[in-house]
Amino acid sequence: MVTMTALEEELSRVAGAVPDPELPVLTLEELGVLRGVQVLGPGRVEVSLTPTYTGCPAIEAMSADIERALHDHGVPDVSVVTILSPAWSTDDISEEGRRKLSEFGIAPPRPQGPAGGPVPLTLAIRCPHCGSTDTELLSRFSSTACKALRRCTACREPFDHFKEL
């Protein structure tokens, strides 16, 4: 594990506070896509970012937003590199991020646990509006490829479910 300098920690907080372009209720830190910030030299910073899936169209907007935030923070030379390995997983979403998704009306993904470990058995998706587990799938895809459209049969409200990856 590489130890970050105080400046790298500060710049990581700035980059991590950038809102996700598709889910602005979450920051990139809460979403778990920000992998690292490294100072390469005076005024030169490299940010490592992992997309939620290969070919994610939001990665360009994320990169531009990070560059803008760090430029505004006084860093003249910012490069954002895409890291594909290890791949992003919905387990990378922080607890705060899961809480915010639920408050925003999106059912957060269920935890997957470590690879090769026991598979958690969760049979229901909880409605973020009323808390009922009596929900049904309307469409495997919603406003983005990483979400499914569901409806609660108790309160009848439709909602997005952030699919587990």
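The name given to the protein chain in an unreviewed UniProt entry is Phenylacetate-CoA oxygenase subunit PaaJ, with the source organism recorded as Streptomyces gulbargensis.

Caption draft 1: Structural context of the sheet that holds strand S1 (residues 34-41). Spatially, 3 strands are ordered S1-S2-S3 in an open sheet, and the strand pairing comes out mixed. Looking at which strands have only one partner, the edges of the open sheet turn out to be S1 and strand S3 (77-82). Going from strand to strand, the sheet's axes swing by 20 degrees on average, the running direction of each strand aside. Examined bridge by bridge, S1 and strand S2 (residues 44-49) share 6 bridges and lie antiparallel to one another. Within S2, the position partnered with Val39 by the bridge is Val45. Against the sheet, helix H1 (residues 6-16) contacts S1 and S2, and its axis sits at roughly 135 degrees relative to S1.

Caption draft 2: Main features of empty space enclosed by the protein. Enumeration over the complete set of coordinates arrives at 1 cavity of 30 Å³ or more. By volume, the largest cavity amounts to about 60 Å³. In terms of lining, the largest cavity is formed by Asp20, Glu22, Leu23, Leu31, Thr52, Cys56, Ala58, Met62, Cys146 and Phe162. A breakdown of the residues in the lining of the largest cavity according to their chemical character gives 7 nonpolar, 1 polar and 2 charged.

Caption draft 3: Just the UniProt feature "domain: MIP18 family-like" (unreviewed entry) in the protein chain, in detail. With numbering aligned to this structure, UniProt lists the feature "domain: MIP18 family-like" (unreviewed entry) at residues 17-81. As a span, residues 17-81 carries 28% helix and 29% strand, and end to end its C-alpha atoms are 18 Å apart.

Caption draft 4: Spotlight on the side chain of Ser63. Relative to the assigned elements, Ser63 resides in helix H3 (residues 59-72). A relative accessible area of 14% places Ser63 in the buried class.

Caption draft 5: Layout of the pairing of strand S7 (residues 158-162). Among the 5 residues that make up S7, 4 are buried, leaving the element largely enclosed by the rest of the structure. The turn linking strand S6 (residues 147-152) back onto S7 is made up of 5 residues, and Arg156 within it adopts a positive phi angle of 70 degrees.

Analysis parameters
Residues numbered from 1 in each chain as written. Predicted model: local features only at pLDDT ≥ 70, side-chain atom pairs only at ≥ 80, totals over all residues. Heavy atoms only, no water. Pairing = 2+ DSSP bridges. Helix = DSSP H or I, 4+ residues; strand = E, 2+ residues; numbered from the N terminus. Axes fitted to C-alpha atoms, helices over the stretch in contact; angles between N-to-C directions. Contact = heavy atoms within 4.5 Å. 1 Å grid on protein atoms, 1.4 Å probe; cavity = no way out; pocket = protein on both sides within 12 Å on 5 of 7 lines; lining within 4 Å. Points joined across faces, edges and corners; volume = space filled by probe spheres on them. Nonpolar A, V, L, I, M, F, W, Y, C, P; charged D, E, K, R; others polar. UniProt positions renumbered as here; feature names shortened; annotations may be inferred. Buried < 20%, exposed > 50% of the residue type's maximum accessible area, 1.4 Å probe, protein only.

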